[in-house]
Amino acid sequence: MGRAPRAAIVGAGHTRFGVLAEGPRRLVRDAVDKAVGSVDRGVDRESVEELFLATLGFSGWQLGNAAAIAAEEVGRPGLPAVRVENACASGGFALRLAVDAVASGRRELVLVVGLEKMTDVTNARRRYWLGVSGDTEWERLAGLTFAGVYGLMASRYATEYGPVREALSEVAVKNHAHGALNPNAHFQKVVTREQVNTAPPVAAPLALYDCCPVSDGAAAVLVARPEVARRFTDTPVYIVGSGTGSDYLAVQERASLMRLEASRGAADEAFRNAPLERKNIDLLEVHDCFTIAELLALEDLGFAPRGRAGRLTLSGATRLGGRLPVNPDGGLKAKGHPIGATGVSQAYEVFQQLRGQAGARQVRGAQHALTHNVGGSGATAAVHLFSAG
Amino acid sequence: MGRSILSASLVRPVWQHGSFRIEGPDEDPFTLAVSALNRLGEQVPIDGARALQRLHLVGATSPDLDWAYGEALGSSALEVQHHPANTQGLWGALGAAAQEEGSPRREAVVAVDSATTRADGTVLRQPLHGAGAAAFVLGQEPGLAVLRHGFLGHPPGRLPSMKGLIHDWLEALGLPTTSGRGEVVFAAEDDLARWQTAWEDSAPGVTVTFPERAPPHLGPAPTIRAAFLLWELARRLRTGRTGAVVEATRGGRAFAGFRLDGPVRWLGNWGETAPGLEPPNERFFERAAGVEAVSQGAYVPHPRYVENLSSRWRLVGERCPQCRALGFPARGRCRSCGRSEGLQPEAFPRTRLQVEAVTSISPGAQPTEFDSIVAAAGGYDVAVVRLGVGTRATVQVTDTPAGHLRVGDRVDLVLRRLYPMEGEWRYGLKAVPEGLGAGAWQSESGPTSSVPPVRRPPSSSAPRGSRSTPHRPGARPATRYRRAR
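Each chain carries its own residue numbering, running from 1 in the written order of its sequence. Here every chain gets a letter starting at A, and every ligand a number starting at 1, in the order they are written. This being a predicted model, a pLDDT of at least 70 is required before a residue's local features are given, and a value of 80 or more before pairs of side-chain atoms are given or counted; all residues contribute to the totals for chains, interfaces and linings.

**Remarks on the overall build of chain A**
Part 1 of the argument: The helix and strand tally for chain A stands at 12 helices and 11 strands.
Part 2 of the argument: Here the C-alpha radius of gyration of chain A, 19 Å, is about what a compact globule of 389 residues would show, namely 21 Å.
Part 3 of the argument: In terms of its C-alpha atoms, chain A occupies a principal-axis envelope of roughly 55 × 45 × 40 Å.
Part 4 of the argument: In chain A, which comprises 389 residues, the proportion classed as buried is 67%.
Part 5 of the argument: By the criterion used throughout, residues are in contact when their C-beta atoms, derived from the backbone, lie within 7 Å. Across chain A, contacts joining residues at least 24 apart in sequence account for 77% of those joining residues at least 6 apart. The way it works is that DSSP assigns letters per residue, a run of H or I at least four long becomes a helix, a run of E at least two long becomes a strand, and they are numbered from the N terminus. Our radius of gyration is a C-alpha quantity, and the globule rule it is checked against amounts to 2.2 Å times the number of residues to the power 0.38. Three exposure classes are used, all based on how many other C-beta atoms lie within 10 Å of a residue's own C-beta (placed from the backbone): buried at 20 or more, exposed at 12 or fewer, and partly exposed between those limits.

**Some details on the overall build of chain B**
Part 1 of the argument: Counting its secondary structure elements, chain B contains 9 helices and 21 strands.
Part 2 of the argument: Sorting the 485 residues of chain B into buried and exposed places 52% on the buried side.
Part 3 of the argument: Long-range contacts, defined here as pairs at least 24 residues apart, represent 73% of the contacts in chain B between residues at least 6 apart.

**As for the sheet that holds strand 16 (residues 344-347) of chain B**
Residue and element names in this part refer to chain B.
Part 1 of the argument: Two strands form a pair only when DSSP identifies at least two bridges running between them. The sheet built from 3 strands is open, its strands ordered 15-14-16 with antiparallel pairing. Of all strands in the sheet, those bounded by a partner on one side alone are strand 15 (326-327) and strand 16.
Part 2 of the argument: Where strand 14 (residues 316-319) and strand 16 come together, 4 bridges link them in antiparallel fashion. Along strand 16, the bridge assignment pairs E318 with P345.

**Focus on the interface of chain B and chain A**
Part 1 of the argument: Residue-level contacts link 33 residues of chain B with 32 residues of chain A.
Part 2 of the argument: The set of elements that each furnish at least two residues to the side of chain B that touches chain A consists of strand 17 (353-361), strand 18 (380-388) and strand 19 (391-396) of chain B.
Part 3 of the argument: A per-element tally of the side of chain B that touches chain A places strand 17 of chain B first, with 6 residues.
Part 4 of the argument: Pairing between strand 5 (residues 201-204) of chain A and strand 17 of chain B: 2 bridges, direction antiparallel.

**So, the pairing of strand 19 of chain B**
All names here are of chain B.
Part 1 of the argument: In terms of residue burial, strand 19 counts as a mostly covered element, since 6 of its 6 residues are buried.
Part 2 of the argument: Residues T391, A393 and V395 point to one face of strand 19 and R392, T394 and Q396 to the other, with burial holding for every one of them.
Part 3 of the argument: When strand 18 meets strand 19, the two strands line up antiparallel, connected through 6 bridges. From the neighbouring strand, V385 faces strand 19, where its bridge partner is A393.
Part 4 of the argument: As consecutive antiparallel partners, strand 18 and strand 19 are separated by 2 residues, and within that stretch G390 has a phi angle of approximately 70°, a positive value.

**Re unusual backbone geometry**
Part 1 of the argument: Cis rather than trans, the peptide bond between A204 of chain A and P205 of chain A has omega equal to 10°.
Part 2 of the argument: Mapping P205 of chain A onto the fold places it in the loop between strand 5 and strand 6 (206-207).
Part 3 of the argument: Residue P329 of chain B follows F328 of chain B across a cis peptide bond; omega there is -5°.
Part 4 of the argument: At N65 of chain A, a position not held by glycine, the phi torsion is positive, near 65°.

**As for the packing of helix 4 (residues 162-173) of chain B against helix 5 (residues 192-202) of chain B**
Packed helix pairs are characterised by how far apart their axes lie and by the angle those axes make with each other.
All names here are of chain B.
Part 1 of the argument: At a minimum axis distance of 9 Å, the contact between helix 4 and helix 5 shows a crossing angle of 60°. Relative to helix 5, the element helix 4 lies oblique. Relative to helix 5, the crossing made by helix 4 is right-handed. Along the contact surface, helix 4 presents M162, K163, I166 and H167, while helix 5 presents R194, W195, A198, W199, D201 and S202. Orientation is described by lines fitted to C-alpha atoms, with helices fitted over the stretch in contact, and by angles between N-to-C directions that extend from 0 to 180 degrees. Oblique is the label for any angle not under 35 degrees, not over 145, and not in the 65 to 115 range, which are roughly parallel, roughly antiparallel and roughly perpendicular in turn. Handedness of a helix crossing follows the sense of rotation of the near helix relative to the far helix, less than a right angle counterclockwise being left-handed and clockwise being right-handed.

**As for the environment of L315 of chain B**
Residues and elements named next belong to chain B.
Part 1 of the argument: Mapped onto the secondary structure, L315 falls in the loop between helix 8 (309-314) and strand 14.
Part 2 of the argument: Along the primary structure L315 and L415 are separated by 100 residues, whereas in three dimensions their C-alpha atoms are 11 Å apart.
Part 3 of the argument: Contacts of L315, omitting those with residues within four sequence positions, involve A347, F348, R350, L387, A393, L413 and L429.

**Overview of the nonpolar core**
A general trend in soluble globular proteins is that nonpolar side chains are found buried together.
Part 1 of the argument: Take the buried Ala, Val, Leu, Ile, Met, Phe, Trp, Tyr and Cys residues, join any whose C-beta atoms are within 7 Å, and the set you get is a nonpolar core. Counting residues in hydrophobic clusters, the biggest one holds 271 residues, and the most contacted among them are V113 of chain A together with V110 of chain B.
Part 2 of the argument: Residue contacts for V110 of chain B: discarding those within four places in its chain leaves A33, A36, L37, L55, L57, V58, A133 and A135 of chain B.

**Regarding the packing of helix 3 (residues 87-98) of chain B against helix 6 (residues 224-236) of chain B**
Residue and element names in this part refer to chain B.
Part 1 of the argument: With their axes 7 Å apart at the nearest point, helix 3 and helix 6 run at an angle of 55° to one another. One way to sum up the angle between helix 3 and helix 6 is to call them oblique. Residue-level inspection shows T87, L90 and W91 of helix 3 in contact with helix 6, the latter providing R225, A226 and A227.
Part 2 of the argument: Note on residue categories: nonpolar means Ala, Val, Leu, Ile, Met, Phe, Trp, Tyr, Cys or Pro, charged means Asp, Glu, Lys or Arg, and polar means any other residue, Gly included. Taken together, the residues of the contact of helix 3 with helix 6 break down into 4 nonpolar, 1 polar and 1 charged.

**So, the environment of F52 of chain A**
Residues and elements named next belong to chain A.
Part 1 of the argument: Positionally, F52 belongs in strand 2 (residues 50-54).
Part 2 of the argument: Judged by local crowding, F52 falls into the buried class, with 28 C-beta atoms found within 10 Å.
Part 3 of the argument: The sequence separation of F52 and L111 amounts to 59 residues, and the corresponding C-alpha distance is 6.3 Å.
Part 4 of the argument: Setting aside chain neighbours within four positions, we find F52 in contact with V82, V84, A94, L97, A98, V110 and V112.

**Some thoughts on the sheet that holds strand 4 (residues 109-116) of chain A**
Residue and element names in this part refer to chain A.
Part 1 of the argument: The sheet built from 9 strands is open, its strands ordered 3-2-4-7-1-8-11-10-9 with mixed pairing. The open sheet is flanked by strand 3 (81-84) and strand 9 (283-285), the only strands paired with a single partner. On average, each strand axis in the sheet is inclined to that of its neighbour by 25°, with strand direction left out of account.
Part 2 of the argument: Most of the contacts of helix 12 (residues 342-354) go to strand 10 (residues 368-375), to which it runs at about 170°, and overall it touches strand 1 (7-14), strand 2, strand 4, strand 7 (217-224), strand 8 (237-246), strand 9, strand 10 and strand 11 (380-388).

**Re the confidence of the model for chain B**
Residue and element names in this part refer to chain B.
Part 1 of the argument: Confidence scores here are pLDDT values: one per residue, from the predictor, ranging 0 to 100. Across chain B, the average pLDDT comes to 82, with 84% of residues at 70 or higher.
Part 2 of the argument: Confidence drops under pLDDT 50 across residues 448-479; counting only partners more than four residues distant or on other chains, this segment forms 71 contacts.
Part 3 of the argument: Under the prediction, the complex receives an ipTM of 0.95, its pTM being 0.90.

**Some remarks on helix 8 (residues 261-272) of chain A**
All names here are of chain A.
Part 1 of the argument: In a helix, the anticipated span is given by 1.5 Å times the number of residues less one. Over its 12 residues, helix 8 runs 16 Å from end to end, which matches the ideal 16 Å to within 8%, given 1.5 Å per residue.
Part 2 of the argument: Here helix 8 has its buried residues at A262, S263, R264, A266, A267, A270 and F271.
Part 3 of the argument: Looking at the buried positions of helix 8, the neighbouring elements they touch are strand 8, helix 9 (291-300), strand 10 and strand 11.

**A few points about helix 12 of chain A**
Part 1 of the argument: Taking 1.5 Å of rise per residue, 13 residues should cover 18 Å, and helix 12 of chain A covers 18 Å from first to last C-alpha, within 8% of that figure.
Part 2 of the argument: Most of helix 12 of chain A sits inside the fold, with 13 of its 13 residues counted as buried.

**Thoughts on the pairing of strand 4 (residues 52-59) of chain B**
Residue and element names in this part refer to chain B.
Part 1 of the argument: Counted residue by residue, strand 4 has 7 buried out of 8 residues, so it is predominantly covered.
Part 2 of the argument: As judged from the 7 bridges shared by strand 4 and strand 6 (residues 106-113), these two strands associate in the parallel manner. Directly across from L57, in strand 6, lies its bridge partner V110.
Part 3 of the argument: Across 5 bridges, strand 4 lies against strand 5 (residues 79-83) in parallel orientation. Considered in strand 5, the bridge of L55 is made with V80.

**Brief notes about the environment of G276 of chain B**
All names here are of chain B.
Part 1 of the argument: Inspection of the secondary structure assignment puts G276 in the loop between strand 13 (266-267) and helix 7 (302-307).
Part 2 of the argument: Judged by the 25 C-beta atoms lying within 10 Å of it, G276 falls in the buried class.
Part 3 of the argument: Separated by 263 residues in the primary sequence, G276 and P13 have C-alpha atoms spaced 8.1 Å apart.

In structure tokens, the structure reads:
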């Protein structure tokens, strides 16, 4: 463990996720205000040197130049700002750029904001947008949205490894139970295995409770050079590994329908230069946009052998209190999935967990964590490793 | 020198309304014609070096899509000619295609009847007749008899007797009247009893049949009912005899006749078959009354749509000359070794493809551009099918309710409408369960079992409609289709 951390999170803010009255400007402002307010020794907004805004621009809201609006809401018009878009992995990739900015010595303190406003449009327009990050020329023309793409993966997974319904249901039940402990979660209620098993189908074999909701929300983290982190707090959370990966956009062209090579590559890169091994990880924040995605993530990231993630999940190991809690904040499944905000929200959760401030959902003794953020059906992925300061 | 009928095919939709077979919400005259031609293509190569020289279209086909037939068939320089949407149109097209005009290349004739779209594009809410397509490919092949034909017309004024007319017709076709065992399939608008007597008197050596003008599922279809007469003749010529189709109109003032010497390869059967599928609801008939733009987030501009139609419509991928790896769709770069020079197009078969994964899209979960398909026919399946080593395609499943397809099943791919966009329909390949659906290889044995097919997939041996497609336990399809009674 001798390698130096690459960056440090010194403050983090999070709005409620869900169907919210606030517009995108207000959501950015609220998340940033909370992040700034969370810095133990305070921070002068004037000391922020650059802004990375993660957003898909869902519904077409300010697809171009949205970063300038975010800078306005930070209260720093004129701040160097850029929008980062890698679909649902936008937040993870914005964090990656922030890490690079401080690790390279180019900046000392930068701000990462994740945002999406998804519920203020008509149902038709929402469906219109929900598939824009998948393969347009082949998958979309075959009538697929992401639920369908993950439905195909689940279909193949069940063919290779046997019935998977109970494991998928357990992912939903677990993440809803975790979400019930998270005051920011979109869904804060538990569900039963029977409710999940009898839910109406969406993209069979996936049904309603296998799918994450469409949510509004924003999250923000302040990322500092490790050398200056203690200027802001005695308990920074260090980013000790960062990896990204990509794969064919269309699932049909990938090596396997059951593996996200982008996730595997991102995890390998993150661990390659980190002072950590998988066995050191105390909790995972994985991209469970659909329940099957959590099983695939456990295998792609190297925490379960191929075909065994379901068994691991059914054993209770991934629940709070288990050997390896997964998505203690409820995950995308229960916390919600405002597209651009999700990757930043994962970092927010780890910031709380590794500082022992996660309240009822605290993973006891957590020192090291991993976040995993996937774009679309696995065309891009970002993985980050964190250690308590 | 003339041409022979190398092969013929018939397709009809799986959907049934009353006694008529009608096209589904993703079918139109273009897809019906291409389906019939693709069936021919499986029997007699009509692409590459054997590409068609000319295509004769008879029926409600729009000239706007003339460019698309060459793309769909892999014929780069295909000349398209349109003929009137009636019986005479088909006879004229067949006569034109039978004439060899200095080129040995092949020509095809397709007769199409749409139940819901008129030739001028008018959309009908209630079908007036059935839908289907018949296709013929004509060319030169040693051992096959040349298609001889004759057309005669008499000006206003005194008309010869019926016996005299029949004599003239048989002479025009070179058919013996008193010797041999010829077959004639005869159609006339009226006076059938008198015609029957006249035939018996004037051509005692010829067996004459007077079939119904079309089977019930076609009804008064204006175009392809004539093709039914040819099919009936071909059915009667299984044993290699000589015969002709003869149609008299206007009391015999006009005559069209085609003579066949021996059997014809003919795919499909217009005889008795299992009932079709009933439309699940009235919205089935609310098809777009024209091509409207559909708002779409995942936008595919027209140039990108037509850029790779060979992959999209004909399943053409590529093979790397260096590492031999296959790729689909063709992108001009080897996915295995990265080579971008010299990749060779390679067409994958479109039949009997194995399903690797399948999902059922429930109503409401579809992208908005598929709303009209869902409104008409309910949710649908989407499958990933295996093409070859390391290659797959993602396709929507059609002609069958959602939830019936399973991993490991075999499917055939057919060209269908996807959705309208910016004034045009977008088309692509969809999957139908093997042996089911218009244009799929079906079980029906045609009239020509004595002529061995050139290449016939094994699937063609299973009886149509016999395939069992049980519901998946625990995942009841949102839509159930009923077989028409």
